[in-house]
Amino acid sequence: MKLLVQHRTVYRYDERVAHSTQYLRLTPADSARQHVLDWQLGLPARAVRSRDAFGNWLHTLTLDHPHHEILIQANGTVETRDGPAIETDPASPLPYLRHTPLTMPDRAIRQFAAPFAELVGREPATGLEAMLHALLDAMPYLPGRTDATTPAAAAFAAGAGVCQDHAQVYVAACRSLGVPARYVSGYLYAEDQPEVASHAWAEVRIGDDWHGLDPSNGCRADGRYLKLAVGMDYLAACPVRGVRSGGGGE
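What you see is a predicted model, and the numbers here were worked out from it, not measured in a lab.

Peer 1: So what about the overall build of the protein chain? Which residues, and what values?
Peer 2: On a plain count of helices and strands, the protein chain comes out with six helices and 12 strands. In terms of C-alpha radius of gyration, the protein chain reaches 18 Å, essentially the compact-globule figure of 18 Å for 250 residues. Here the C-alpha coordinates of the protein chain stretch approximately 55 × 40 × 35 Å along the principal axes. Counting every position in the protein chain, which comprises 250 residues, the buried fraction comes to 48%. Taking contacts inside the protein chain between residues at least 6 apart in sequence as the whole, the part at least 24 apart equals 73%. Accessible area of the protein chain: about 11,800 Å², with a carbon and sulfur share of 51%.

See the structure below:
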């Protein structure tokens, strides 16, 4: 599938910002399941490009002059492979067993995951998919209950959330069972929603392969999914994250 992306993020501030730094994970990488045909970033100043600890393309944008607005754009075309999103990776998955403040499983998440432990141990793919569907039943998709700083435990306790929350709760549940799991940010093409915001899902490690699973839609990731970045949680993989001095309301 060939996907055309036109991403636009605009920050506007009530007061003048003296200085700001934005960390952008808005550039997809080539892999066995996606090939970047063309990609450009439109930024108000030159950014420093590097690879972060998880292998994502990272652009660091620093504005050291007064400003009231920041416009960030990304445009490009990516060709994705049809079929389940599975990628072989020889690197050790053990770092993705570590909990973070946003993915720390509390007693409720551990109790939710526990009934799937035996099936996951015997048939990992079947067990992890079963837990995927159970999570959506326990935690329906509902905007407005959470925000970017909500930990997995709080979102699960609220009984509802959006794709970011589903991904973090699922990652927390998988890690509680000893299954390496990571947070994924990117885009999902849907025919009934030609204009969508960024999406989030999870990847779980089975053998030497990472398998993409989408808790919000209760399905495996496939050619409709374009991956931007992976990480331990939202903060490590979100498309845009920054700090500023001044500005007041945003």
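Picking up after the structure, the text goes on.
Peer 1: An account of the pattern of salt bridges is needed here, citing residue identities and associated values.
Peer 2: Scanning all chains against the criterion turns up 10 salt bridges. As a salt-bridge pair, Arg220 and Glu129 come within 3.0 Å of each other at their nearest N and O atoms. On the criterion of sequence distance, the pair formed by Arg220 in strand E10 (residues 219–220) and Glu129 in helix H3 (residues 124–138) is long-range, its members being 91 residues apart. By relative accessible area, Arg220 is classed as partly exposed at 23%. Put simply, Asp222 and Arg224 hold a salt bridge, and the shortest N to O gap is 3.0 Å.

Peer 1: So what's going on with the nonpolar core? Which residues, and what values?
Peer 2: Counting 24 residues, the largest nonpolar core has Leu128, Met131, Val169, Tyr170, Cys174 and Val204 as its most contacted members. When residues of this core are traced back to their parent elements, those giving at least two are helix H1 (107–113), H3, helix H4 (152–158), helix H5 (163–176) and strand E8 (199–206). Top contributing element to this core by residue count: H5, with six residues.

Peer 1: A description of the packing of aromatic side chains should follow, citing residues and the corresponding values.
Peer 2: Think of a pair of aromatic rings as described by two things: how far the centres are apart, and how the planes are tilted against each other in angle. Within the structure shown, the criterion is met by seven aromatic pairs. Measuring from ring centre to ring centre gives 6.1 Å for Phe54 and Tyr96, while their planes differ by 40°; the resulting arrangement is tilted. A residue pair is termed long-range when its members are at least 10 positions apart, and Phe54 in the loop between strand E3 (48–51) and strand E4 (57–63) and Tyr96 in the loop between strand E6 (86–88) and H1 qualify at 42 residues. The class for Phe54 is partly exposed, based on a relative accessible area of 29%. Seen from their ring centres, Trp201 and Tyr225 are 5.0 Å apart, and the 80° between their planes marks the pair as edge-to-face.

Peer 1: Any chance you could break down the side chain of Asp214 for me, citing the residues and the numbers?
Peer 2: Mapped onto the elements of the fold, Asp214 is located in strand E9 (residues 209–214). At 6.4 Å, Arg224 is the nearest oppositely charged side chain to Asp214, a buried residue that forms no salt bridge. Only 3.0 Å separates the side chain of Asp214 from the backbone nitrogen of Ser216, close enough to count as a polar contact. Here the side chain of Asp214 touches Asn217 through a polar contact of 2.7 Å, side chain to side chain. With residues up to four places along the chain from it excluded, the contact list for Asp214 reads Leu132, Leu188, His199, Ala200, Trp201, Cys219 and Tyr225.

Peer 1: Would you mind going over the packing of H3 against H5 in detail, with residue names and values included?
Peer 2: Between H3 and H5, the least distance of the axes is 11 Å, while the angle of their chain directions is 135°. Relative to H5, the element H3 is oriented oblique. Relative to H5, H3 is oriented so that their crossing is right-handed. Judged by residue contacts, Leu128, Glu129, Met131, Leu132, Leu135 and Leu136 of H3 engage His166, Val169, Tyr170, Ala173 and Cys174 from H5. Grouping the amino acids of the contact of H3 with H5 by side-chain chemistry returns nine nonpolar, one polar and one charged.

Peer 1: Provide a residue-level description of the environment of Gln164, including the pertinent values.
Peer 2: Inspection of the secondary structure puts Gln164 in helix H5. The buried category is assigned to Gln164, whose relative accessible area is 11%. Linking Gln164 and Ser216, residues 52 residues apart in sequence, is a C-alpha distance of 8.8 Å. When neighbours within four sequence positions are excluded, Gln164 is seen to be in contact with Asp147, Ala148, Tyr183, Ala200 and Tyr234.

Peer 1: Which residues make up the pairing of E8, and what values go with them?
Peer 2: In terms of burial, E8 is largely enclosed, as seven of its eight residues are buried. Where strand E7 (residues 181–188) and E8 come together, six bridges link them in antiparallel fashion. Looking across to E8, one finds that Arg182 is bridged to Glu203. By the bridge criterion, five bridges tie E8 to E9 in an arrangement that is antiparallel. By the bridge assignment, Arg205 is partnered in E9 with Trp210. The antiparallel pairing of E8 with E9 creates a hairpin that spans two residues between the two strands, and Gly207 there sits at a positive phi of about 65°.

Rules behind the numbers
- Residues numbered from 1 in each chain as written.
- Predicted model: local features only at pLDDT ≥ 70, side-chain atom pairs only at ≥ 80, totals over all residues.
- Heavy atoms only, no water.
- Helix = DSSP H or I, 4+ residues; strand = E, 2+ residues; numbered from the N terminus.
- Rg over C-alpha atoms; globule rule 2.2 N^0.38 Å.
- Buried < 20%, exposed > 50% of the residue type's maximum accessible area, 1.4 Å probe, protein only.
- Contact = heavy atoms within 4.5 Å.
- Areas by Shrake-Rupley, 256 points an atom, 1.4 Å probe, with all protein chains shown as cover.
- Salt bridge = Lys/Arg side-chain N within 4 Å of Asp/Glu carboxyl O.
- Core = buried A, V, L, I, M, F, W, Y, C linked by side-chain atoms within 4.5 Å.
- Phe/Tyr/Trp six-rings, centres within 6.5 Å; stacked < 30°, edge-to-face > 60°.
- Lys, Arg positive; Asp, Glu negative; His and termini not counted.
- Polar contact = N/O pair within 3.5 Å; in protein donor to acceptor, adjacent residues only side chain to side chain.
- Axes fitted to C-alpha atoms, helices over the stretch in contact; angles between N-to-C directions.
- Parallel < 35°, antiparallel > 145°, perpendicular 65-115°, else oblique.
- Left-handed = near helix turned anticlockwise from the far one by under 90°.
- Nonpolar A, V, L, I, M, F, W, Y, C, P; charged D, E, K, R; others polar.
- Pairing = 2+ DSSP bridges.

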